[in-house]
Amino acid sequence: MSTAVAFKHDFDPTMLREYDIRGIVGKTLHSADAFAIGRTFGSIVLSTGTGKTVAVGYDGRLSSPELEKSLVAGLKASGIDVLRIGRGPTPMLYYAATTEATAGAVMLTGSHNPPDYNGFKMMLGRKPFFGAQIKEIGTRAADGDVVPEAAGSERTIDVSAAYIDRLVKDWDGGDRALNIVWDNGNGAAGEVLQRLVKRLPGHHTVLNGEIDGRFPAHHPDPTVAKNLVQLITEVKTRGADIGIGFDGDADRIGLVDDTGEILFGDQVMVLFARDILKSRPGATIIADVKASQVLFDEIARAGGLPMMWKTGHSLIKAKMAETGSPFAGEMSGHIFFADKWYGFDDALYASVRILGVLARSQTKLSTIRSALPKVINTPELRFDCDDQRKFAVIEEVAARLRTEGAKVSDIDGVRVQTEDGWWLLRASNTQAVLVARAEATSEAGLERLKHALVEHLAAAGIAAPDFSGENAGH
């Protein structure tokens, strides 16, 4: 592809990840990088021939407004017409990209990372932009492979009212007045959330509703127990029916029941799957390889077809589209509805749906949680392994397991099923780490699973993670 002006740019090699582009502001991520992303992504959008309009949004981080301006400038320099939707949650951008006539979208967000991080999540057409496509951004920028410079345009639109209207449209819990505590975590959903709760029945308490990119209350990741301490305290103090927490850009959800106990991502999925399968019997429900066996068993028990798939929100979304699945989710709290919704991960929408499920039930959330089959598991354990070595380790472990005749799923790493339960070892797609997890029905069984995992790691020359004190009920 020819270029009329000299443009070349090299990104820090740590920035281009499997599912997004991410860096440390002022160290590995600068305004010039944002411009280059706009310039190259704009060129890719134009090469598809599907249009020249790209929606752009940004989160509440202190660096986001400046980076967004550079991103927009880069897009315009490629001849793109930019729809600037302003500050808000990532799913609001997804909504804009889905309902407006756009050929792509870019969200400037650091998600759940520390305050000095920022990054970019992209869509090409209505599909996630990831993997080899993100590598293409780096290759094109380094080669100067962009369209000739042109004069694009920009206009600012406010989709927040339409987005909130659409969220409320699927409220199906009647007028039951639930008592709900929300923890925005000072994240990008703040303004939208404050308006949403006024449209829903019940009593609502919003914690950390102000958008503040310094995250003064706690780190914005609701899958980490220590970040839910404030929410748990408020739920207990106020006698609430449920507590709901978001990550920094509100595409991931965390739940706390009426007793202050945390519901893990796969437990949340059980509630949704049961509800959806009432009207869509036999439907395929997708969860990632880190999810509990309880989830897959409960999907089948509710009349669904459980499917285990690779970890990664972009990979899950792509598999949903391929299979026609109405619902999917990850342990990390990404929840995807194609049932009534658009197939993207949206913690605000998931909140409306879970409140509807609870409002239509006469059973407390803690009772539903405690009735699930009991298992004992480790949390997700992450330990360093060189990027050049991590996938080879998985191959070596898989080869030994095959010679042993083990029952193995190799969808994403190795998930080994035994009479005690299962253990998982996979390579992270975004970091130089291996990820391990194990689950059993007894403490003794879990110890045997952990021992087997440690032995396989040792045979590959990898020091085992410290499993001590890591077991938890689930």
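Summarised in this report is the structure supplied together with it.

Definitions and limits used
Residues numbered from 1 in each chain as written. Predicted model: local features only at pLDDT ≥ 70, side-chain atom pairs only at ≥ 80, totals over all residues. Heavy atoms only, no water. Phe/Tyr/Trp six-rings, centres within 6.5 Å; stacked < 30°, edge-to-face > 60°. Buried < 20%, exposed > 50% of the residue type's maximum accessible area, 1.4 Å probe, protein only. Lys NZ or Arg CZ within 6 Å of the ring centre and 35° of its normal. Pairing = 2+ DSSP bridges. Helix = DSSP H or I, 4+ residues; strand = E, 2+ residues; numbered from the N terminus. Contact = heavy atoms within 4.5 Å. Axes fitted to C-alpha atoms, helices over the stretch in contact; angles between N-to-C directions. Polar contact = N/O pair within 3.5 Å; in protein donor to acceptor, adjacent residues only side chain to side chain. Core = buried A, V, L, I, M, F, W, Y, C linked by side-chain atoms within 4.5 Å.

1. Focus: the packing of aromatic side chains
At step 1: Counted according to the given criterion, the structure contains 14 aromatic pairs.
At step 2: With 5.7 Å between their ring centres and 65° between their planes, Trp341 and Phe344 make a pair best called edge-to-face.
At step 3: With centroids separated by 4.0 Å and ring planes inclined at 15°, the aromatic side chains of Trp341 and Tyr349 adopt a geometry described as stacked. No difference in accessibility class separates Trp341 from Tyr349, as the two residues are buried.
At step 4: In this structure, Arg415 packs its charged tip against the face of Trp422, placed 3.7 Å from the ring centre.

2. Let's talk about the sheet that holds strand E10 (residues 242-246)
At step 1: One open sheet holds the five strands; their spatial order is E9-E8-E10-E11-E12, and the pairing between them is mixed. Because the sheet does not close on itself, it has two edges, and the strands there are strand E9 (203-207) and strand E12 (262-263).
At step 2: Relative to E9, strand E8 (residues 179-183) runs parallel, the two being bridged by five bridges. If you follow Ile180 over to E9, its bridge partner there is His204.
At step 3: Packed on one face of the sheet, helix H11 (residues 347-359) meets E8, E10 and strand E11 (253-256) and runs near 170° to E10.

3. Concerning the side chain of Lys319
At step 1: Of note, Lys319 is situated in helix H10 (residues 313-323).
At step 2: The exposure class of Lys319 is buried, given its relative accessible area of 11%.
At step 3: A distance of 3.1 Å separates a polar atom in the side chain of Lys319 from a polar atom in the side chain of Glu322.
At step 4: If we ignore the near neighbours within four places in the chain, the residues touching Lys319 are Ile286, Met307 and Trp309.

4. Describing the nonpolar core
At step 1: Counting residues in each nonpolar core, the largest one holds 72 residues, and the members touching the most others are Trp182, Ile242, Ile244, Phe246, Phe337, Leu348 and Leu355.
At step 2: Considering every element that reaches this core, the biggest residue donor is H11, with nine residues.
At step 3: Once residues lying within four places of it in the same chain are set aside, the contact partners of Leu355 are Trp171, Leu178, Ile180, Trp182, Leu200, Ile242 and Ile244.

5. Quick notes on the pairing of strand E13 (residues 284-288)
As a general feature of sheets, a regular strand has side chains that alternate between the two faces.
At step 1: Buried residues dominate E13, accounting for five of its five residues.
At step 2: Side chains Thr284, Ile286 and Asp288 project from E13 onto one buried face, and the interleaved Ile285 and Ala287 project onto a second face that is buried too.
At step 3: Pairing geometry for E13 and strand E14 (residues 305-309), over five bridges, is parallel. Along E14, the bridge assignment pairs Thr284 with Leu305.

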